[in-house]
Amino acid sequence: MQERLKNILEDAKKKLEEAVSVDETENIRVRFLGKKGELTEILKSMGSLTPEERKQLGQEANKTKQQIEELLQEKKEALKAIAQQAKFRMEKIDVTEPAKEIKVGTKHPVTITIEEIAKVFKSMGFTLTEGPEVETVFNNFDALNAGPYHPARDWTDTFYVNDEVLLRTQTSPVQVRTLKAQEPPIRVFAPGRCFRCDTPDATHSPMFHQVEGLVVDEGITMADLKGVLDSFAKQMFGEETKTKFRPHHFPFTEPSAEMDVSCFKCGGRGCRVCKGSGWIEILGCGMVHPNVLKVGGIDTEKYTGFAFGMGVERVAMLKYEIDDIRLLYENDMRFIEQFK
Ligand code: DAH
């Protein structure tokens, strides 16, 4: 028996020396000291011994048990210390290493342009308003006096959700919402996204931005329209900017016009930006058609108004001399970072 105890101790020692993880030491504990462990088996088999033998062997078995427990404890601690050392080595920070560059985001040129336009109109007492990108066909076309066969209604030009709902093709439906929700005097501008079924090329994108404007009050005339938009052009493109209004047609305004500004690049002499003409078309505008005012519940005997709408990408492209609209949507940081 004693011989066996000695062997067990030797065996446990050897196994512990070879162990490389805390898990392994646990297995060793179970193997020798566990309920079905080798040492436990010996203690269990002592029933057949004389009391004298039992006492002596019991003492020795307990001593062996103690020794194995001590060895286990020592080994566990040693292994833990090694693991901690390894962890410290892993977590060590080399403060002399060069830092990784953190890129700070920049504002997108479309955002910058909307903010510039907004600043000018706010300074003239306009309030910012917004409408949904998913609109009713009624607000986008019918309420804006577009006849039932207006070409813009064609499904090849407009993204329809169903017969009554579409992705707005212009910000003008915000006019309808504003006229319904507010009493004159009204003076709002509304930036936002618009959508048209266009194949992307250098000047077309199926998603783009517009800024709409609407003024309704007693006694508003075309002179107010010209005064406000001329002032906008000077604040946006420079004090020396001249404006020119050309007759045009929009269903929701009568009379309608397009406004050109003298080229802010060449001052009107003719260059690449203005394609040699000295003028750049910037926006559509006009006196709000009585039919539109009526849908909005406005008394057309008492009130008149003017409206305008401009393409944000167009203004941004002209101002920053960007020659392809697709550059605005590719999220190439090398492009965006130029607008810091
Ligand atoms: N909605 C027009 C378009 O998308 C732009 C426009 C023209 C808006 C004249 C207006 C306006 O408010 O009066 O082409």
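A. The pattern of salt bridges, seen in detail. One pass over the structure, following the stated rule, counts 16 salt bridges. Put simply, Asp11 and Arg31 hold a salt bridge, and the shortest N to O gap is 3.7 Å. Pair noted here: Asp11 is in helix α1 (residues 2-18) and Arg31 is in helix α2 (residues 22-33), with a separation of 20 residues, a long-range link. Among the charged side chains, a network of salt bridges with common partners joins Asp11, Lys15, Arg31 and Glu38.

B. Representation of the packing of aromatic side chains within the structure. Applying the stated criterion across every chain yields a total of 10 aromatic pairs. Geometrically, the ring pair formed by Phe121 and Phe126 is edge-to-face, given 5.1 Å between the ring centres and 65 degrees between the ring planes. Considered together, Phe121 and Phe126 belong to a single accessibility category, that of buried residues. The structure contains a cluster of three or more aromatic residues connected by ring pairs, namely Phe121, Phe126, Phe189, Phe232, Phe306 and Phe308.

C. The arrangement of the packing of helix α5 (residues 109-123) against helix α10 (residues 312-319) in detail. At a closest axis distance of 9 Å, the pairing of α5 and α10 adopts a crossing angle of 100 degrees. In terms of orientation, α5 and α10 fall into the roughly perpendicular class. Each of Pro109, Val110, Thr113, Ile114 and Glu116 in α5 lies in contact with α10, whose residues at this interface are Val312, Glu313, Val315, Ala316 and Lys319. Per-class residue counts for the contact of α5 with α10 are six nonpolar, one polar and three charged.

D. Representation of the domain arrangement of the protein chain in the model. The domains assigned to the protein chain are domain 1 (2-91) and domain 2 (109-339). The straight-line distance from the C-alpha centre of domain 1 to that of domain 2 is 86 Å.

E. Local environment of the sheet that holds strand β9 (residues 304-311). Pairing is mixed in the open sheet, where seven strands are placed in the order β1-β4-β5-β9-β8-β7-β6. Two strands bound the open sheet, and with one partner strand each, they are β1 (127-128) and β6 (243-250). Where strand β7 (residues 253-262) lies against strand β8 (residues 279-288), eight bridges are found, and the strand directions are antiparallel. The residue bridging Ala257 from the neighbouring strand is Cys285, located in β8. Sitting on the sheet, α5 is in contact with β4 (186-195), β5 (207-217) and β9, with an inclination near 165 degrees to β4. Against the sheet, α10 makes contact with β5, β8 and β9, and its axis sits at roughly 55 degrees relative to β9, the strand it touches most.

F. Region of the structure containing the nonpolar core. Ranked by internal contacts, the top residues of the largest apolar core, which has 45 residues, are Phe121, Phe232, Leu283, Phe308 and Met310. Contributions of two or more residues to this core are made by α5, β5, α8 (222-237), β7, β8, β9, α10 and α11 (333-336). The contacts of Phe308, once residues within four sequence positions are left out, are Phe121, Phe126, Val211, Glu212, Gly213, Leu229, Leu283, Gly284 and Cys285. Grouped together as the second largest cluster of nonpolar side chains are 16 residues, Ala12, Ala19, Ile28 and Leu72 included.

G. Representation of α10. Extensive coverage of α10 is indicated by the burial of six of its eight residues. Among the residues of α10, Val312, Glu313, Val315, Ala316, Met317 and Leu318 are the ones counted as buried. Once α10 finishes, Glu321 follows within two positions and takes phi at roughly 50 degrees, a positive value.

H. The state of the cysteines, seen in detail. If you walk through the whole model with that rule in mind, you get zero disulfides. No disulfide involves Cys271; its sulfur sits 3.7 Å from the nearest other cysteine sulfur, which is in Cys263. Cysteine Cys274 is unpaired, with the sulfur of Cys266 as its nearest cysteine sulfur at 3.7 Å.

So, how was this worked out
Residues numbered from 1 in each chain as written. Predicted model: local features only at pLDDT ≥ 70, side-chain atom pairs only at ≥ 80, totals over all residues. Heavy atoms only, no water. Salt bridge = Lys/Arg side-chain N within 4 Å of Asp/Glu carboxyl O. Helix = DSSP H or I, 4+ residues; strand = E, 2+ residues; numbered from the N terminus. Phe/Tyr/Trp six-rings, centres within 6.5 Å; stacked < 30°, edge-to-face > 60°. Buried < 20%, exposed > 50% of the residue type's maximum accessible area, 1.4 Å probe, protein only. Axes fitted to C-alpha atoms, helices over the stretch in contact; angles between N-to-C directions. Parallel < 35°, antiparallel > 145°, perpendicular 65-115°, else oblique. Contact = heavy atoms within 4.5 Å. Nonpolar A, V, L, I, M, F, W, Y, C, P; charged D, E, K, R; others polar. Domains from an automatic or database assignment. Pairing = 2+ DSSP bridges. Core = buried A, V, L, I, M, F, W, Y, C linked by side-chain atoms within 4.5 Å. Disulfide = S-S within 2.5 Å.

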